[in-house]
Amino acid sequence: MTTAVQIKQLTMVQALTDAMRTMLVQDEAVLVLGEDVGTNGGVFRATDGLFEQFGEERIIDTPLAESGIVGTSIGLAVNGFRPIVEIQFLGFIYPAFNQLMTHATRMRQRSMGRYTVPMVIRAPYGAGVKAPEIHSDSVEGLFTQIPGLKVVIPSNAYDAKGLLIASIEDPDPVLFLEPMRSYRSSRMEVPEEKYTIELGKAAYVKKGEDVSIFTWGAMVPDTMKAVEDFEKNHDATCDVIDLRTLYPLDKEMIQKSVEKTGRVVIIHEAPATGGVNAEIISLINDAAFFFLKAPIQKVTGFDTPVPVYSLEKEYLPSKEKMINAINTALSY
Amino acid sequence: MLEKFPLTQYVSEDGKLLDDTAKEMMNPDTLKHFYEKMLRARMMDKKCTNLQRQGRIGTYVQYEGQEAAQVGSALAIEEGDWMFPTYRDHAATMTFGHSLRSLLLYWVGRIEGGIPPEGKNIFPPAVPIASQLLHATGVAWAEKKKNSDRVSLVYFGDGATSEGDFHEGLNFASVFKAPVVFFNQNNGYAISVPMEKQMNSKTIAQKGLSYDIPGIRIDGNDIVAVYMETKKAVERARNGGGPTLIEAVTWRYGAHTTADDPSKYRDQSESELRRGTTDPLLRLEKYMKNEQFWSEEWFQAIEQQISNEINTALAEMQDFPEADIDNVFDNVFEKPTWTLEEQREHHNSIKRGQKS
Ligand SMILES: Cc1ncc(C[n+]2csc(CCOP(=O)(O)OP(=O)(O)O)c2C)c(N)n1
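Remember, it's a predicted structure, so these values are computed and weren't measured experimentally.

(A) Just the sheet that holds strand β2 (residues 82–84) of chain B, in detail. Residues and elements named next belong to chain B. Sheet architecture is open: seven strands sit in the order β1-β8-β9-β5-β4-β2-β3, paired in parallel fashion. Edge strands, defined here as strands with exactly one partner in the open sheet, are β1 (7–8) and β3 (121–122). Relative to strand β8 (residues 215–219), β1 is paired through two bridges, and the arrangement is parallel. Along β8, the bridge assignment pairs Leu-7 with Arg-217.

Given below as structure tokens:
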């Protein structure tokens, strides 16, 4: 007997709820913890309905203390549970940075595998929703520098579910960043059943021949808009790749694409310096240097705090900047 | 613990004086001044909420119901003292010196909105919870080292007392006897989480015990109590007596912010009930009426005057020059680094339609 797979049209935030529900049903050890995740269903409603379904022993409104939440979740994880921690906005993870840096990511090595921390930290992030100061920080680069931490960012509803389930099942700590701007911006078919998307694997958004574009998160749909405009007016096509996992990067896919096109544009909204773009450039330098036909271009945010909302639009990579960078890459 | 930290009131809910030690300051002029500042705060809060609903400002954080706590405490410090607000404490900052135009600019997403007027020591609102307690302690510590008699007044909510920074702030202040007044507004909720789920302690005032900091619990809707008790704490700090922790028990009528829906986690009928019982403006009005300090003409005159002030501020906000991206690059360091200069140049060249 075969059962038909049920498919639903979901927003990204609904797909994330669905992923958590799937895992809460499957595994008693899975817990959801965070500020306002219970009755309120999370400030973005990512945990909506879970409290009603699973109760206060599993969907836990914690005191307002990020270091406390992450630190105690390390203990819960070491002692048999699988905590999914919600940090209300990525910009409020800084109090927990110490726990992440000094303990969550080192416990396995420190105990030579005796103690492990299978924990997921979820956090909305990114600019473009007119939020107050700090709420819009895009600082994924801070976390790819932490040894022992995987960093995952979905750009659509389907990936969000598969990547979150894979992150929950991962035996090590995963930082799962959710682009706020993409939470409700579109709907997509998402199967009701459980499925996973392997961490560390990028995905094609579209294929092309002349320029490789690497991006992630809320920049994926923005990039696609620029690429569509560009391709309409030019006799060149773009290979657009959504990296999905920022640590570890999908070396193979990056390498293959660069070998094909020889031209690269990297697009992200995080600050320009010391970010993930530098790591991608370094990887290309190692893996595909002799295929390059042009200097690698990048389109990024500024080395400034994300401006408050009257200026945040200027901070985000614009279509003009993206098209300009693609043209520059092609002009050599 | 509730018996050890009883709720201090000076004026009862029906407008009767309960504590004679305040009698002297309770003259018509002072009380009219108190009332006017609270009314100004309330009218401004309502205006901002409406502006948000009309899409003319961004997400806004309301404080309606907390006017006595904010205004009464702000009136207890002096020019030269320091104030450390959160995102919710505009009633305090506008009482201490922020212009209404600045507040509007803040909520329309302008950096300029966080800058206090010249000569006023008001920190930009702290958005990360509890982080400002340490700044207040550091500033107060500096004042002490400089042998001045200036003090810090720092605001925070009930949820903030769970953060490590709250405990670190109190501990440092206690160890270094810093002249700081920790002013907690216990409005019952940290977004959706009620006080009893935030902590198992019955009061916030008792948290001072472990740091040997005097903790007092006051009716935060009684502006006389707020003013009198904050003043005492300020004077003690000024005279070398060290920090105080004040828990002002109050209530915010509305949502956590204009982006929040309180019907998910609390029964809003309580707010409606409280408008007729514990309201801070109503209480002072009752007392003033009992004492015959109140007149309808006076009330209408100040209402009109405040309304004019708000409209002027709104016009000023609308006429304010457009936001300038240079502000963002210019103020990361004293002198922008080459990276910032390159990014600025690239950004502006693309804006001008040039390639680079
Ligand atoms: C470090 C940090 N974590 C989370 C948040 C998100 N957040 C904003 S306000 C708030 C609740 C604050 O409650 P409380 O301290 O009681 O102050 P209130 O807003 O009620 O005045 C939360 C969780 C934040 N701003 N900072």
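Don't stop here, the text continues.
(B) Region of the structure containing the site of the ligand. Near the ligand lie 20 residues; those nearest to it are Glu-66 of chain A together with Tyr-87, Arg-88, Val-127 and Gly-159 of chain B. At the ligand, the nearby residues belong to more than one chain, namely chains A and B. A distance of 2.7 Å separates an oxygen atom of the ligand from a polar atom in the backbone of Gly-159 of chain B. Asn-187 of chain B has a polar side-chain atom sitting 3.1 Å from an oxygen atom of the ligand. Within the complex, the protein chains bury 96% of what would otherwise be the 580 Å² of accessible surface of the ligand.

(C) How the structure looks around the packing of helix α9 (residues 251–261) of chain A against helix α10 (residues 276–288) of chain A. Residue and element names in this part refer to chain A. Where α9 contacts α10, the two axes come as close as 10 Å, and the packing angle between them is 70°. Compared by their axis directions, α9 and α10 come out roughly perpendicular. In this structure, α9 crosses over α10, and the sense of that crossing is right-handed. For the pair α9 and α10, contact is made by Lys-251, Ile-254, Gln-255, Val-258 and Glu-259 and by Ile-280, Leu-283, Ile-284, Ala-287 and Ala-288, respectively.

(D) Local environment of the sheet that holds strand β9 (residues 203–206) of chain A. Residues and elements named next belong to chain A. If you trace the five strands from one edge of the open sheet to the other, you get β9-β11-β10-β13-β14, paired in mixed fashion. Because the sheet does not close on itself, it has two edges, and the strands there are β9 and β14 (297–299). The average undirected angle you get between the axes of adjacent strands in this sheet is 25°. Along the sheet, α9 makes contact with β9, β10 (211–215), β11 (238–242) and β13 (264–267), crossing β10 at roughly 155°.

(E) Geometry of the interface of chain B and chain A. At the interface, 40 residues of chain B touch 35 residues of chain A. Among the residues chain B hides against chain A, the three largest losses belong to Val-127, Lys-197 and Lys-264 of chain B. Together they make up 17% of the total. There are three salt bridges connecting chain B and chain A. A salt bridge links Glu-314 of chain A to Lys-351 of chain B; its shortest N-O distance comes to 3.0 Å. In this structure, the connection of chain B to chain A is made through 10 residue pairs in polar contact (both at pLDDT 80 or more). Listing elements by their share of the side of chain B that touches chain A, those giving two or more residues are α7 (195–198), α12 (326–330) and α13 (338–351) of chain B.

(F) View of empty space enclosed by the protein. For the structure on display, the rule yields three cavities of 30 Å³ or more. In this structure, the largest cavity spans a volume of roughly 110 Å³. Lys-130, Ala-131, Pro-132, Glu-133, Val-308 and Tyr-309 of chain A together with Gly-58, Thr-59, Tyr-106, Trp-107 and Gly-109 of chain B together form the lining of the largest cavity. A breakdown of the residues in the lining of the largest cavity according to their chemical character gives six nonpolar, three polar and two charged. Taken as a whole, the second largest cavity holds about 80 Å³ of empty space. Broken down by class, the residue content of the lining of the second largest cavity amounts to four nonpolar, six polar and one charged.

Conventions we followed
- Residues numbered from 1 in each chain as written.
- Chains lettered and ligands numbered in written order.
- Predicted model: local features only at pLDDT ≥ 70, side-chain atom pairs only at ≥ 80, totals over all residues.
- Heavy atoms only, no water.
- Pairing = 2+ DSSP bridges.
- Helix = DSSP H or I, 4+ residues; strand = E, 2+ residues; numbered from the N terminus.
- Near = heavy atom within 4 Å.
- Polar contact = N/O pair within 3.5 Å; in protein donor to acceptor, adjacent residues only side chain to side chain.
- Areas by Shrake-Rupley, 256 points an atom, 1.4 Å probe, with all protein chains shown as cover.
- Axes fitted to C-alpha atoms, helices over the stretch in contact; angles between N-to-C directions.
- Parallel < 35°, antiparallel > 145°, perpendicular 65-115°, else oblique.
- Left-handed = near helix turned anticlockwise from the far one by under 90°.
- Contact = heavy atoms within 4.5 Å.
- Buried area = accessible area lost by both parts, 1.4 Å probe.
- Salt bridge = Lys/Arg side-chain N within 4 Å of Asp/Glu carboxyl O.
- 1 Å grid on protein atoms, 1.4 Å probe; cavity = no way out; pocket = protein on both sides within 12 Å on 5 of 7 lines; lining within 4 Å.
- Points joined across faces, edges and corners; volume = space filled by probe spheres on them.
- Nonpolar A, V, L, I, M, F, W, Y, C, P; charged D, E, K, R; others polar.

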